[in-house]
Structure formats: C-alpha cells, structure tokens
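A structural walkthrough
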Amino acid sequence: MPRYTVHVRGEWLAVPCQGAQLTVGWLGREAVRRYLKNKPDNGGFASVDDVRFLMRRCKGLGLLDNEDLLEVALEDNEFVEVVIEGDAMSPDFIPSQPEGVYLYSKYQEPKKYIDLDGDSLTTDDLVSLGKGHYKIKLTPVAEQKVQQSREVIDKIIEEKTVVYGITTGFGKFARTVIPVNKLQELQVNLVRSHASGVGKPFSPERCRMLLALRINVLAKGYSGISLETLKQVIEIFNASCLSYVPEKGTVGASGDLAPLSHLALGLIGEGKMWSPKSGWAEAKYGLALINGTQMITSLGCEAVERASAIARQADIVAALTLEVLKGTTKAFDTDIHAVRPHRGQIEVAFRFRSLLDSDHHPSEIAESHRFCDRVQDAYTLRCCPQVHGVVNDTIAFVKGIITTELNSATDNPMVFASRGETISGGNFHGEYPAKALDFLAIGVHELAAISERRIERLCNPSLSELPAFLVAEGGLNSGFMIAHCTAAALVSESKALCHPSSVDSLSTSAATEDHVSMGGWAARKALRVIEHAEHVLAIELLAACQGIEFLRPLKTTTPLEKVYDLVRSVVRPWIKDRFMAPDIEAAHSLLLEQKVWDVASPYIEKYRMEHIPESRPQSPTAFSLQSLHRKSSKIPETEDL
C-alpha cells in the first residue's frame, strides 16, 4: 500500500493510500482532515470542504496538480506539503524545513555491525553510526554486566528498599516513596512529563548518534536497565526507527533530560517516530533511558570530527593563498618552530613546507618573485603555524574529553553490581563536555577570523597586486566583493556565538538542580561556529583559485595544482559576474566531504616519510595530532610527484 508523508501547518502526517485512481487533491484533503481532527477548534474551519490549498513537493517546492493521479505524480513515501490558502501571506507562515529528511528516504540498511561494550567507542565510530553505516550489537561481556546490574534493581524492588529514582520520585520529590504497584506508572510519567523540548527536530544523523550513544552508555552496566529492554532498543536502532527529538530544552545538568525524554517517548510507543517503511507516524524504562549527557556528547562528536576536517584543510587553503599573494616560505623553517615546540604549531609548519615551493615540488610562481625585496609577510600568512597550530591542539584536547565522555557512565543512581548496591552521584552533570565545546568554538572561530583577513588581502589590489575583487573589468563586474562581505558577516556572528554558554547557570527543579552546565547550547553553537568556518574557508578557497587565473601561465606546486584542479572540477573560473551562492556551496561541499584533504594529503604524507626526524614534534603535549588525521588515500609513487 503506497504511503505519503504530508506536512500540514508544522505537523507531519503519514497518509496511507488505497486505490489506484486516487489523486493529489484527495491526498491533500485527507491530510487536512487528519490534521483538523486533532484540533480542538477544528483549525478555525467549519469543515474540510472549507479549506482551500495547494500541494507541492518538499524537495524543490515544485507545485503539484490536484487532478493528477498519485501513482503518476509521486513516488511511494515521498514527502509533500499542503499550503493552506492565506497561510503563505501570513508573517507566521514557515515553509516545511525537514532538515535531512531526504537522508531518511535515501536510507539503505547497513550490513556491517559495530560491537558496543561501553568502553571503546570513538568519535569516528559514533559519526559513522549516525550516517547509518553500521548496525549495533552488544558484546557478551556487556550483556553480562547489564544482566548483573538489573539483578540489583530487581532485588531492590522485591525488598521494597527506598532508592532514588527507582522507588521514589525525582528531583524535589526524591523523598516521596512510590508504592510498588505504581512503579511502572512512575517511569512512564517521568518520560512523558520530561518530554518538553521545543524547536526544530534533530536530523536523522544526529538522532541516530544520540540513540547509539545512549545504547553505549547503557551497555556499561551501571544503569539498571533490563537486558531485554536494551536489546529492544538496539533492534529499534538497527531498524532506523527514530524518535522526534526537538533540539532545545536541555540545561545540561541532570543529564539531557528533555531531548533524551523525547527519544524515550518514541521507544515506549508515544510521540512521533520515523522509519523507512512507515515514514512519519504516531509511535504505536524511564530513568535508565533519559539520565545522561548523551545529547551534548553526541553533538560534540560531530563537532570534533568536523573541526578536525576543516582545521587540516585550512592549512591547504592558506598555503594556496600564500602562493597567490607571492609570500615567502621562510617563516615555516624547521628551526623557528623547534625553539617553540608546540605540537600543533610544528605540524602546521610542516604541512606548509610539504605543500609549498621546495626541491620536491618546485613552484613557477615562487620562482617568479624569488629575488623580490619583500622581507616578510603579513601575520595572516607567516603566523599560520602559530594560529592554526593552537586550533589543532585545542581540537585534540577537546577530542580527549569527548572520547572519555563517550565511554563514561553518566546515570543517577549508579548501579554497582559488584557491591550489590546503588549510589547517587553527579556524573550526569554536563560541565566537562560543556566547557570543552565552548573552548572548541573559540578555537575553530580563529580559523575563520584569519581566513577572512586573507580574503581581504586577495581582494584588495593594494595588497595583492591582483585586479580588484579578483575580476576583470572591475566596475562592470563586482567579482568577490560581496563574497568577502559574507565571510565578514559570518565571522562577526561567530564572535557572539563564542561567548561561553557554560559560564551561565540557572537553578532549576525547585533549587534541587541548583547549578547547571548549559552544555546543550554549547554543543549546538559550536556546530554553528564550525559551519561558519567551513563557509569562510570555502570562500577563501574560491578566491585563491581565482587569483591563480591572473598568474597564468605560471604554475604552483604539484599538490596545490591538484587542489586547483579539484575546485575547477566543480566551479569554473570567474570571467564575469554570475550567481555566486552555488559556487560557494560547491566549494563548501568539497571541504565538508574532505576532498581537498584527500587530494593533498598523499603529498603531505610522502614528504613526511622522507623527513621523519624533521616532522616529529618535540613537545611533551599528551595529545597526538596524528589521531586527528583521517587515513589518507594511497601515497603517490615517486613518478606521480
């Protein structure tokens, strides 16, 4: 039976369709009927017949003819929208914005599994689980620990022992003992009442990450969940049945209660859920499912992985800009950085040496100005190792905290099977990931800040010796003028986002939770800062490649020519003004998919192999930048270089 997911005034409805002759108009009327049925005032209409509407696809917003047959106009489980007449002119009207909804429809069931034991999950693992690359199964040891923990809970209930959150109320009601015959109702009430988040729902990837991380924490065996229930949750994950989880509502103290409650609400058969087979539909163990910092940490994993990707590619983009601006490589000399041996600084300087003019990769552009009278470059060029370097060290530091948090028990109470008892503590407090993610935002922002200044140098003819705004016939054409303004706007917005959310605290739950981390906002704004940095560097990448056009027929080094060729495979040179936003998005996609790193990293690693003593950091810093490197593709043979 065909089924369609229909958006009506902010709500998603699953509408099954029987009959080959049903039309697009019928689908709209049926969706409106189901929508009005749940409204106390009937949505302001006397009946469905009074509603005038248009139908359109969510993807691309293409209008549909109400008289067309469904089997001709739409594919099974396609996402469509009912636009009620008058709504579109209202200032309150918000078109459907189902972030990532098409990732749902493209979902393919994975064949491979990741074994979870609660102790060895990595940030890369979690991001891969979010993308739907793997299913989950528990290790035998994890199953045993979960079972032993549950036996402690069963004994507590049997003996009617008073234990917080198991036989008592929560927060301010911790001293209220709940009768045994109402314990199941207690757990259900907890999930219902705490599911009070607001805002847009998490994307499919983020919802999978959230659920996978919660499973990993439960697998540690300190939560008291039954093995049967945990296996049911894993089955739900493996079927990609995902709850509707609003992004706002956690203060990051007694765990991420609101988002995790929405996650649990679907698991107990309430709220909304999506699956590849049903689309969005009404969903047909309380504290163990909702107590923890998994929202902060799962978003933190995505933030760390994206920060790592853009940080290493920022070095490549900056090296290309230095070539275009005819900078010197002297500032990257090994001895300079050996006497200030920060690990990140040494690594960034090494990358610049591996990409720029050398005996390995001669540059015609560098040779053209070898005997110029310039003594040194602007800070935005020669201080890249110091500025980019500390960003790398910041990311490594944050990754260490997030990785520890990934494999930590953050429940309350904690069930210690080896001692046969439960203990109330404060592992649910989100201060660790909150502080770390505030720090991450501040660090990554600097990549955007220094990149924007390099864009200014590329666009300013008095600094670049290139045509103004990197375009011929200036005046008739504006070139990169407003693209630079976009970069400046993003950097300015990020400055405000870098104010640490974790310095704030508001007492909640009648002063029982009297200090909170605000880690949920720390995680969400860190991702926004990283996205801004990605877009600013995308603009710099386009500007640097455009600058190369004015230096032809001279060529840069082999690795940087490979980067140029990659960009030109998706964005053509800027001969005269055109719609620029698609070009920026195309360059952003290259960075997001790490393709810039993929084409340059083999040359960096080849250079590293031939200069091992030179590239080895001398700092005692405990965090390895190598852990931030994605495994690069096959290193080119010598003749390829």
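Everything below is about the structure printed above this text.
Notes on the structure in this doc start here.

A closer look at the overall build of the chain
Regarding its fold elements, the chain presents 24 helices and 14 strands. Looking at the chain as a whole, 54% of its 641 residues qualify as buried.

A few points about the nonpolar core
Core analysis: the biggest nonpolar cluster contains 123 residues, and Leu126, Ile215, Leu437, Leu440 and Phe480 have the highest contact counts within it. Setting aside residues no more than four positions away along its own chain, leucine 440 makes contact with Ala303, Val304, Ala307, Thr394, Ile395, Val398 and Ile530. Ranked by size, the runner-up nonpolar core spans 24 residues in total, among them Val15, Leu27, Leu64 and Ala73.

Quick look at the side chain of glutamate 81
Its location among the elements puts glutamate 81 in strand 5 (residues 79-84). A distance of 3.1 Å separates the side chain of glutamate 81 from the side chain of histidine 7, its partner in a polar contact.

Some words on the packing of helix 11 (residues 294-324) against helix 17 (residues 431-459)
Close contact between helix 11 and helix 17 brings their axes to 10 Å; oriented N to C, the two are set at 20°. The angle between helix 11 and helix 17 falls in the class roughly parallel. Considering only the axes of helix 11 and helix 17, their crossing is left-handed. On helix 17, the residues that touch Ile296, Thr297, Gly300, Ala303, Val304, Ala307, Ile310, Ala311, Ala314, Ala318, Thr321 and Val324 of helix 11 are Pro433, Ala434, Leu437, Leu440, Val444, Leu447, Arg454 and Leu458. Taken together, the residues of the contact of helix 11 with helix 17 sort by class into 16 nonpolar, three polar and one charged.

Remarks on a nonpolar patch on the surface
A contiguous nonpolar patch, built from Phe397, Phe439 and Ile442 and spanning about 240 Å² of accessible area, is present on the exposed surface. On the basis of relative accessible area, phenylalanine 439 is assigned to the partly exposed category, the value being 36%.

Brief notes about the pattern of salt bridges
A full pass over the atoms with the stated rule returns 32 salt bridges. For glutamate 109, the salt bridge identified is with lysine 135, shortest N-O distance 2.4 Å. One end of the pair, glutamate 109, is in the loop between helix 3 (101-105) and strand 6 (113-116); the other, lysine 135, is in strand 7 (residues 135-138), with 26 residues separating them in the sequence. Relative accessible area serves as the criterion here: at 49%, glutamate 109 is assigned to the partly exposed category. Residues aspartate 154 and arginine 150 are paired through a salt bridge, measuring 3.2 Å at the closest nitrogen-oxygen approach. Residue aspartate 154 and its partner arginine 150 are both found in helix 5 (residues 140-159); the two are separated by four residues, about one turn of the helix.

Focus on the sheet that holds strand 5
Taken in spatial order, the five strands line up as 2-1-5-3-4 in an open sheet, and their pairing is mixed. Only two strands of the sheet have a single partner each, and these edge strands are strand 2 (11-16) and strand 4 (63-64). Set on the sheet, helix 1 (residues 24-37) makes contact with strand 1 (3-8), strand 2, strand 3 (53-57), strand 4 and strand 5; between it and strand 2 the angle comes to about 125°.

Observations concerning the packing of aromatic side chains
Taken as a whole, this structure holds six aromatic pairs when the rule is applied. Positioned over the ring face of phenylalanine 416 is arginine 419, at 5.8 Å from the centre of the ring. Its end group placed over the ring of tyrosine 564, arginine 552 keeps NZ or CZ at 4.7 Å from the ring centre.

Side note on the pairing of strand 11 (residues 272-275)
The alternating pattern of strand 11 places Lys272 and Trp274 on one face and Met273 and Ser275 on the opposite face, and all of these are buried. In the sheet, strand 9 (residues 242-243) pairs with strand 11 via two bridges, with the strands oriented antiparallel. Residue pairing for strand 11: serine 243 is matched across the bridge by methionine 273.

Considerations on the environment of glutamate 364
By secondary structure assignment, the location of glutamate 364 is in helix 14 (residues 364-368). Counting along the chain gives 193 residues from glutamate 364 to threonine 557, while the straight-line C-alpha distance between them is 7.7 Å. If near-sequence neighbours (up to four positions away) are discounted, glutamate 364 is found in contact with Pro553, Leu554 and Lys555.

Here we look at the side chain of serine 502
Looking at where serine 502 falls in the secondary structure, it is placed in the loop between helix 19 (481-497) and helix 20 (519-549). Since its relative accessible area comes to 5%, serine 502 is described here as buried. Only 2.5 Å separates the side chain of serine 502 from the side chain of aspartate 438, close enough to count as a polar contact. Beyond its immediate sequence surroundings of up to four residues, serine 502 is in contact with Glu431, Ala434, Lys435, Asp438 and Ser517.

Structural notes on helix 6 (residues 183-194)
An α-helical segment advances 3.6 residues per turn. Residues three or four places apart therefore align on the same side. With twelve residues, helix 6 ought to run about 16 Å at 1.5 Å a step, and its terminal C-alpha atoms sit 17 Å apart, in line with that. Taken together, the buried positions of helix 6 are Leu183, Leu186, Gln187, Leu190 and Val191. Buried residues of helix 6, seen end-on, are gathered within an arc of 130° and therefore sit on one face of the element.

So, the packing of helix 20 against helix 21 (residues 558-568)
Packing of helix 20 against helix 21 brings their axes to within 10 Å, and their N-to-C directions diverge by 105°. As far as their axial angle goes, helix 21 and helix 20 are roughly perpendicular. The segment helix 20 lies against helix 21, with Leu541, Leu542, Cys545, Gln546, Ile548 and Glu549 engaging Val563, Tyr564, Val567 and Arg568. Considering only residue class, the contact of helix 20 with helix 21 consists of seven nonpolar, one polar and two charged.

Looking at unusual backbone geometry
Of note, the amide linkage connecting asparagine 412 to proline 413 takes the cis form, showing an omega dihedral of 0°. Mapping proline 413 onto the fold places it in the loop between helix 16 (384-406) and strand 13 (414-416). The omega torsion across arginine 552 and proline 553 is 15°, close enough to zero to call that bond cis. Within the secondary structure, proline 553 sits in the loop between helix 20 and helix 21. One non-glycine residue, glutamate 465, lies in the positive phi region at around 60°. One can find glutamate 465 in the loop between helix 18 (461-464) and helix 19. The backbone of glutamine 594 sits at a positive phi, close to 65°, despite the residue not being glycine. Counting through the fold element by element, glutamine 594 comes out in the loop between helix 22 (581-592) and helix 23 (595-610). For glutamine 594, a relative accessible area of 13% gives the class buried.

Analysis parameters
Residues numbered from 1 in each chain as written. Predicted model: local features only at pLDDT ≥ 70, side-chain atom pairs only at ≥ 80, totals over all residues. Heavy atoms only, no water. Helix = DSSP H or I, 4+ residues; strand = E, 2+ residues; numbered from the N terminus. Buried < 20%, exposed > 50% of the residue type's maximum accessible area, 1.4 Å probe, protein only. Core = buried A, V, L, I, M, F, W, Y, C linked by side-chain atoms within 4.5 Å. Contact = heavy atoms within 4.5 Å. Polar contact = N/O pair within 3.5 Å; in protein donor to acceptor, adjacent residues only side chain to side chain. Axes fitted to C-alpha atoms, helices over the stretch in contact; angles between N-to-C directions. Parallel < 35°, antiparallel > 145°, perpendicular 65-115°, else oblique. Left-handed = near helix turned anticlockwise from the far one by under 90°. Nonpolar A, V, L, I, M, F, W, Y, C, P; charged D, E, K, R; others polar. Patch = residues over 30% accessible without salt bridge, like charges linked within 9 Å, V, L, I, M, F, W, Y side chains within 5 Å. Areas by Shrake-Rupley, 256 points an atom, 1.4 Å probe, with all protein chains shown as cover. Salt bridge = Lys/Arg side-chain N within 4 Å of Asp/Glu carboxyl O. Pairing = 2+ DSSP bridges. Phe/Tyr/Trp six-rings, centres within 6.5 Å; stacked < 30°, edge-to-face > 60°. Lys NZ or Arg CZ within 6 Å of the ring centre and 35° of its normal. Expected span 1.5 Å × (residues − 1). Arc of directions from axis to C-beta.

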